[in-house]
Amino acid sequence: MSQISLRNIEKIYEGSTEPSVKDFNLEIEDKEFIVFVGPSGCGKSTTLRMIAGLETISGGELYIKDKLVNKTPPKDRDIAMVFQNYALYPHLSVYENMAFGLKLRKVPKNEIKERIADAAETLGLTDFLKRKPSALSGGQRQRVALGRAIVREAPIFLMDEPLSNLDAKLRVQMRAEITRLHKHLNNTIIYVTHDQTEAMTMATRIVVMKDGVIQQIGAPIDVYNTP
Ligand code: ADP
Ligand code: ADP
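Residues numbered from 1 in each chain as written. Chains lettered and ligands numbered in written order. Predicted model: local features only at pLDDT ≥ 70, side-chain atom pairs only at ≥ 80, totals over all residues. Heavy atoms only, no water.

**Quick look at the overall build of the protein chain**
Looking only at helices and strands, the protein chain features seven helices and ten strands. Against the 2.2 N^0.38 benchmark of 17 Å for 227 residues, the protein chain shows a C-alpha radius of gyration of 18 Å, consistent with a compact globule. Projected onto the principal axes, the alpha-carbon positions of the protein chain cover approximately 45 × 40 × 35 Å. For the protein chain, buried positions account for 50% of its 227 residues. Accessible surface, the protein chain: about 11500 Å² in total, of which carbon and sulfur atoms supply 49%. Charge-centre separation for the protein chain: the mean point of 31 positive side chains lies 7 Å from the mean point of 28 negative side chains. (Helix = DSSP H or I, 4+ residues; strand = E, 2+ residues; numbered from the N terminus. Rg over C-alpha atoms; globule rule 2.2 N^0.38 Å. Buried < 20%, exposed > 50% of the residue type's maximum accessible area, 1.4 Å probe, protein only. Areas by Shrake-Rupley, 256 points an atom, 1.4 Å probe, with all protein chains shown as cover. Lys, Arg positive; Asp, Glu negative; His and termini not counted. Charge placed at Lys NZ, Arg CZ, Asp CG, Glu CD.)

Right, here's the structure in full:
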């Protein structure tokens, strides 16, 4: 069976009459890099948030590794997340922010140190580990948010526009970093973006959404080369 299975998933927000996502069917295999694209408001974030467990599912079934998880709380899904507006803990240092999820999961101290040192090096954060988020730029904060996910080494990463606040140069660099990371961790990534270059360079499969439904699923070359 697939690693993640979305079957007829539907989302109707409270107070809405129309579904924001409907008839959503997708089988995601282990180690895929899936990118959701489509115009603003088409339901990309809603779908990601349902997979994360941050949004209730109105209809259909969501399976992760054979287990029905419609009602499973986020912390019990083996998922690490990076969101555009991911709130870092303001009273904790960069190091403590990255260590938080690992301490929760009882990862040994030495291992935590090692993983954070590696991630900080990758993300250019080594000199900032003692700082509070308030003493960082927007781009640096976004890298800390990415670092928090990286150190988890979770089998599933969900990323919602994780590079949107970065300048062009850093975005190109981080794109390569995420691709490298995906190969290194050998995990499954579901990634939401507006950026066609990101989708084309990183995806193994692209899911094109429009008005809450899937319009097309295919390899980057198929999605962007159709007449
Ligand atoms: P995308 O990520 O593709 O920009 P979203 O998933 O954010 O799209 O939104 C899909 C639709 O659901 C939009 O019409 C949006 O207005 C609506 N929506 C998103 N969040 C909420 C909410 N909390 N309550 C009501 N409607 C929402
Ligand atoms: P971790 O780094 O392990 O995700 P956190 O303290 O950041 O640790 O998150 C603990 C749990 O809170 C997560 O496993 C997830 O279930 C939930 N969570 C993470 N990010 C968000 C978010 N942006 N909004 C709401 N809940 C979240």
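Right, picking up where we left off after that structure.
**A few points about the nonpolar core**
Core analysis: the biggest nonpolar cluster contains 43 residues, and Met-98, Leu-146, Phe-157, Met-159, Ile-178 and Tyr-191 have the highest contact counts within it. By residue number, the principal contributor to this core is helix α4 (residues 138-152), which donates six residues. (Core = buried A, V, L, I, M, F, W, Y, C linked by side-chain atoms within 4.5 Å.)

**Details of the packing of helix α2 (residues 94-104) against helix α3 (residues 109-123)**
Remark: α2 packs on α3, axes separated minimally by 10 Å, with the N-to-C direction vectors making an angle of 135°. By the angle between their axes, α2 is oblique relative to α3. Relative to α3, α2 is oriented so that their crossing is right-handed. In this structure, α2 contributes Tyr-95, Met-98, Ala-99, Leu-102 and Lys-103 to the contact, and α3 contributes Ile-112, Lys-113, Arg-115, Ile-116 and Ala-120. Among the residues making up the contact of α2 with α3, the classes are represented as seven nonpolar, no polar and three charged. (Axes fitted to C-alpha atoms, helices over the stretch in contact; angles between N-to-C directions. Parallel < 35°, antiparallel > 145°, perpendicular 65-115°, else oblique. Left-handed = near helix turned anticlockwise from the far one by under 90°. Contact = heavy atoms within 4.5 Å. Nonpolar A, V, L, I, M, F, W, Y, C, P; charged D, E, K, R; others polar.)

**Some points on the sheet that holds strand β3 (residues 33-37)**
Through backbone hydrogen bonds, the strands of a sheet pair up, either in parallel or in antiparallel fashion. The six strands are arranged β6-β7-β8-β3-β9-β10 in an open sheet whose pairing can be described as mixed. In the strand order of this sheet, the two ends are held by β6 (79-83) and β10 (213-218), each with one partner. Neighbour to neighbour, the strand axes of the sheet diverge by 15° on average, direction disregarded. With five bridges connecting them, strand β9 (residues 205-210) and β10 associate as antiparallel partners. When the sheet's bridge partners are listed, Lys-210 is paired in β10 with Val-213. Sheet strands touched by α4: β6 and β7 (156-160). Its angle to β6, the strand with the most contacts, is close to 170°. (Pairing = 2+ DSSP bridges.)

**What about the pattern of salt bridges?**
Per the stated rule, a full pass over the model turns up nine salt bridges. Among the ionic pairs, Lys-31 bridges to Asp-30, the shortest N-O distance being 3.3 Å. Accessibility expressed as a relative area gives 39% for Lys-31, which makes it partly exposed. On the basis of relative accessible area, Asp-30 is assigned to the partly exposed category, the value being 45%. The residue Arg-49 makes a salt bridge to Glu-55 at a minimum N-O spacing of 3.3 Å. The class of Arg-49 is partly exposed, set by a relative accessible area of 29%. Each of Lys-11, Arg-49 and Glu-55 takes part in salt bridges that share partners, so that together they form one network. (Salt bridge = Lys/Arg side-chain N within 4 Å of Asp/Glu carboxyl O.)

**Re the packing of aromatic side chains**
Within the structure shown, the criterion is met by three aromatic pairs. Ring geometry for Phe-24 against Phe-36: centres 5.9 Å apart, planes inclined by 65°, an arrangement best described as edge-to-face. Of this pair, Phe-24 sits in strand β2 (residues 21-28) while Phe-36 sits in strand β3, placing them twelve residues apart in sequence. Exposure class is identical for Phe-24 and Phe-36. Each is buried. (Phe/Tyr/Trp six-rings, centres within 6.5 Å; stacked < 30°, edge-to-face > 60°.)

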